Amino acid sequence: MTSSLVLYSYWRSSAAYRVRIALNLKGLPYQLVPVHLIEDGGRQHAPDYRELSPQEQLPTLVDGTLVVRQSMTIMEYLDERYPESPLMPKDIEGRARVRELMQVIACDVHPLGNLRVLQALEKDFGAGPEQKAAWSRHWIALGLKGFEALLARGPTGRFCHGDTPTLADACLVPQVYNAVRWSVPLDDCPAIRRIVEACAGIPAFMDAAPEAQRDAQ
């Protein structure tokens with residue numbers, strides 16, 4: 001079991017949250033280095049962090065001499081590099097479905113409500129708090145509606161794909177956390193609510209939660 005993993009994270013970053021879930025589900029010990037996204041104008045813009053992440057984004061994983069960026073790449077790297085407790089199905093069809101569900105969250109929903117977008121809405125378009133909240137609610141609700149429909153079309157079990165957690169669940173849970181934060185109604189998403197409730201009782205998810213992080217505010 002390695003102890004050389006270092007994760008640069010922020011407690012309320014959805015992308016970092018999903019990687020923390022994956023690390024915990026795989027039982028991989030890691031050192032967490034907080035990078036505050038707001039203080040001092042955003043410490044992700046500091047020169048030393050920019051050396052690790054030229055895009056000045058979180059998360060970043062360091063595994064020995066290897067630096068891996070982008071949460072989706074990090075999670076799949078971890079699953080391939082450390083094959084114990086796999087988080088992807090064995091069959092190619094199953095892996096395709098899990099990746100589809102992952103991409104719905106990570107590409108179609110999460111980016112539209114991340115900090116950079118909300119800051120740009122305020123700075124460039126004069127959006128106030130209520131307008132930014134309405135923007136986030138719209139895109140989260142639309143994305144989760146599509147996710148719910150996809151769950152109904154596949155081998156969804158206790159979790160997104162079958163009866164053990166996969167990387168799809170690691171992506172879903174942080175997005176639902178954001179949905180609750182932005183007061184998005186989930187009445188029309190019974191499968192999502194059931195899956196998130198199942199995840200909530202698993203220590204790997206509990207320990208990855210924003211409020212459980214040492215940099216939580």
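Since the structure is predicted, the reported quantities are computational estimates derived from the model, not experimental observations.

## Focus: the packing of aromatic side chains
Line of reasoning, step 1. Overall, the coordinates contain four aromatic pairs when judged by the stated rule.
Line of reasoning, step 2. Consider the rings of Y8 and Y49, whose centres lie 5.8 Å apart with planes at 50°: the pair is tilted. Linking Y8 in strand β1 (residues 5–9) with Y49 in helix α2 (residues 47–52), this pair joins segments that are 41 residues apart in sequence. For the pair shown, Y8 and Y49 are each scored as buried.
Line of reasoning, step 3. Aromatic pair W135 and W139: ring centres 5.9 Å apart, planes at 65°, arrangement edge-to-face. Here W139 and W135 lie together in helix α6 (residues 129–151), a separation of four residues that amounts to about one turn.
Line of reasoning, step 4. For W139, a relative accessible area of 27% translates into the label partly exposed.

## Re the pattern of salt bridges
Line of reasoning, step 1. Summed over all chains, the structure comprises six salt bridges.
Line of reasoning, step 2. For E56, the salt bridge identified is with R50, shortest N-O distance 3.0 Å.
Line of reasoning, step 3. R50 gets classed as partly exposed once you look at its relative accessible area, which sits at 36%.
Line of reasoning, step 4. Where E122 meets K132, a salt bridge forms, and the shortest distance between an N and an O atom there is 3.0 Å. Taken together, the residues span a long stretch of sequence, with E122 in helix α5 (residues 115–125) and K132 in helix α6 at a distance of ten residues.
Line of reasoning, step 5. In this structure K132 comes out as buried when scored by relative accessible area, which is 16%.
Line of reasoning, step 6. Among the charged side chains, a salt-bridge network with shared partners connects E39, D40 and R43.

## Observations concerning the UniProt feature "domain: GST C-terminal" (unreviewed entry) in the protein chain
Line of reasoning, step 1. According to UniProt, the "domain: GST C-terminal" (unreviewed entry) feature falls on residues 91–217.
Line of reasoning, step 2. A helix fraction of 66% and a strand fraction of 0% characterise residues 91–217, whose end C-alpha atoms lie 41 Å from each other.

## Let's talk about the layout of surface pockets
Line of reasoning, step 1. Computed from the structure, the largest pocket encloses a volume of approximately 820 Å³.
Line of reasoning, step 2. Those elements giving two or more residues to the lining of the largest pocket turn out to be α1 (14–25), α3 (71–81), α4 (92–109), α5, α6 and α7 (167–181).
Line of reasoning, step 3. Partitioning the lining of the largest pocket into residue classes produces 18 nonpolar, 15 polar and six charged.
Line of reasoning, step 4. Each of domain 1 (5–85) and domain 2 (92–206) accounts for three or more of the residues forming the lining of the largest pocket.
Line of reasoning, step 5. The computed volume of the second largest pocket comes to approximately 150 Å³.
Line of reasoning, step 6. Lining of the second largest pocket is provided by Y17, V173, V176, Y177, V180, V196, C199, A200, F205, M206 and A209.
Line of reasoning, step 7. Those elements giving two or more residues to the lining of the second largest pocket turn out to be α7, α8 (190–200) and α9 (203–208).
Line of reasoning, step 8. Top element by residues in the lining of the second largest pocket is α7. It accounts for four residues.
Line of reasoning, step 9. In terms of residue class, the lining of the second largest pocket is built from eleven nonpolar, no polar and no charged.

## Notes on the domain arrangement of the protein chain
Line of reasoning, step 1. When cut into domains, the protein chain gives domain 1 (5–85) and domain 2 (92–206).
Line of reasoning, step 2. Each of domain 1 and domain 2 has a C-alpha centre, and these two points are 20 Å apart.
Line of reasoning, step 3. Each side of the interface is counted separately: domain 1 has 16 residues, and domain 2 has 19 residues.
Line of reasoning, step 4. For the pair domain 1 and domain 2, the summed buried area comes to about 1700 Å², and 65% of that belongs to carbon and sulfur atoms.
Line of reasoning, step 5. Of all residues in domain 1, the largest losses of buried area upon contact with domain 2 belong to Y17, R18 and M72, amounting jointly to 30% of the total for that side.
Line of reasoning, step 6. Taken together, the links from domain 1 to domain 2 amount to one salt bridge.
Line of reasoning, step 7. For the side of domain 1 that touches domain 2, the secondary structure elements donating two or more residues are α1 and α3.
Line of reasoning, step 8. It is α1 that provides the largest number of residues to the side of domain 1 that touches domain 2, a total of eight residues.
Line of reasoning, step 9. Of the residues in the side of domain 1 that touches domain 2, the class split is ten nonpolar, three polar and three charged.

Cut-offs applied
- Residues numbered from 1 in each chain as written.
- Predicted model: local features only at pLDDT ≥ 70, side-chain atom pairs only at ≥ 80, totals over all residues.
- Heavy atoms only, no water.
- Phe/Tyr/Trp six-rings, centres within 6.5 Å; stacked < 30°, edge-to-face > 60°.
- Helix = DSSP H or I, 4+ residues; strand = E, 2+ residues; numbered from the N terminus.
- Buried < 20%, exposed > 50% of the residue type's maximum accessible area, 1.4 Å probe, protein only.
- Salt bridge = Lys/Arg side-chain N within 4 Å of Asp/Glu carboxyl O.
- UniProt positions renumbered as here; feature names shortened; annotations may be inferred.
- 1 Å grid on protein atoms, 1.4 Å probe; cavity = no way out; pocket = protein on both sides within 12 Å on 5 of 7 lines; lining within 4 Å.
- Points joined across faces, edges and corners; volume = space filled by probe spheres on them.
- Nonpolar A, V, L, I, M, F, W, Y, C, P; charged D, E, K, R; others polar.
- Domains from an automatic or database assignment.
- Contact = heavy atoms within 4.5 Å.
- Buried area = accessible area lost by both parts, 1.4 Å probe.

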